[in-house]
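Examining the three-dimensional arrangement
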Amino acid sequence: MTVPAYDPENIFAKILKGIIPSVKLYEDEDTLAFMDVMPQAPGHLLVIPKQGSRNILDADPVVLARLMPVVQKLAIAVKQAFEADGVYIAQFNEPAAGQTVFHLHFHVIPRHEGVGLKPHSGSMEKIETLTAHAEKIRACLS
Ligand code: AMP
């Protein structure tokens, strides 16, 4: 079964174009990272490539190779910023796997022993809280 075509009007493409606001954390030539608006835990962030692909199934391997070091960099920073015991990294492909936004993205979520995650796409966080969390993470980026 083939993957449906990439839709350049998806919400993350609009964030990349600046049409929709986001709480940005990190940006380089190929990559953008920003806070998830419905965090499953404080510090939940998303890392996306600037090049459009629906998910990992249709992504250019060269894009993935540039993206993963940023996922690693932010995982290290968010672990330090939130004094977490671990970091959960998730990436969903197609609705059957739980994907709801069809622009490739990696979830990076700090985890603490014995603390559960809130539901996926649960409730919206306040912008001030997301901004404060982004500042904390940015301070730990080397
Ligand atoms: P999924 O496609 O299932 O991997 O999840 C998409 C994620 O994007 C969810 O965790 C949403 O909370 C998040 N999300 C949806 N819209 C926005 C937005 N405008 N800014 C930041 N995060 C978003």
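See the structure above.
Figured I'd write up the structure that's included with this text.

Notes on the site of the ligand
Surrounding the ligand, one finds 18 residues, the nearest of these being D36, G98, T100, H105 and H107. Here G98 contributes a backbone N or O atom positioned 2.7 Å from an oxygen atom of the ligand. Considered on its own, the ligand offers 500 Å² of accessible surface; in the complex 94% of this is hidden by protein. Counting only elements with at least two residues in the shell around the ligand, the list comes to α1 (11–17) and β2 (31–35).

So, the pattern of salt bridges
Tallied over the entire structure, the rule returns three salt bridges. We note a salt bridge from D30 to R66, for which the minimum N-O separation is 4.0 Å. On the criterion of sequence distance, the pair formed by D30 in the loop between β1 (24–27) and β2 and R66 in helix α2 (residues 61–81) is long-range, its members being 36 residues apart. Owing to a relative accessible area of 29%, D30 belongs among the partly exposed residues under this scheme. The partner of R54 in a salt bridge is E94, with the nearest N and O atoms 2.8 Å apart.

Thoughts on α2
Its 21 residues give α2 an end-to-end C-alpha distance of 30 Å, which sits within 8% of 30 Å, the value for a rise of 1.5 Å per residue. Residues V63, L64, L67, V70, V71, L74, A75, A77, V78 and A81 constitute the buried set of α2. Looking at the buried positions of α2, the neighbouring elements they touch are β1, β2, β3 (45–49), β4 (86–90), β5 (106–111) and α3 (127–139). Sitting at the head of α2, D60 places a side-chain oxygen 2.9 Å from the backbone nitrogen of V62. Just beyond α2, the residue with positive phi is E83, at close to 45°.

Notes on the nonpolar core
Ranked by size, the top nonpolar core spans 25 residues in total, and within it L25, M35, L45, V47, L74, V108 and I137 carry the most contacts. Counting residues per element, the ones that place at least two in this core are β1, β2, β3, α2, β5 and α3. Apart from residues lying up to four places away in sequence, V108 is in contact with G43, H44, L45, V47, V71, L74, A75, V78, V87, Y88 and I89. One finds I15, L32, I48 and V101 within the second-largest nonpolar core, a separate group that totals seven residues.

So, how was this worked out
Residues numbered from 1 in each chain as written. Predicted model: local features only at pLDDT ≥ 70, side-chain atom pairs only at ≥ 80, totals over all residues. Heavy atoms only, no water. Near = heavy atom within 4 Å. Polar contact = N/O pair within 3.5 Å; in protein donor to acceptor, adjacent residues only side chain to side chain. Areas by Shrake-Rupley, 256 points an atom, 1.4 Å probe, with all protein chains shown as cover. Helix = DSSP H or I, 4+ residues; strand = E, 2+ residues; numbered from the N terminus. Salt bridge = Lys/Arg side-chain N within 4 Å of Asp/Glu carboxyl O. Buried < 20%, exposed > 50% of the residue type's maximum accessible area, 1.4 Å probe, protein only. Expected span 1.5 Å × (residues − 1). Contact = heavy atoms within 4.5 Å. Core = buried A, V, L, I, M, F, W, Y, C linked by side-chain atoms within 4.5 Å.

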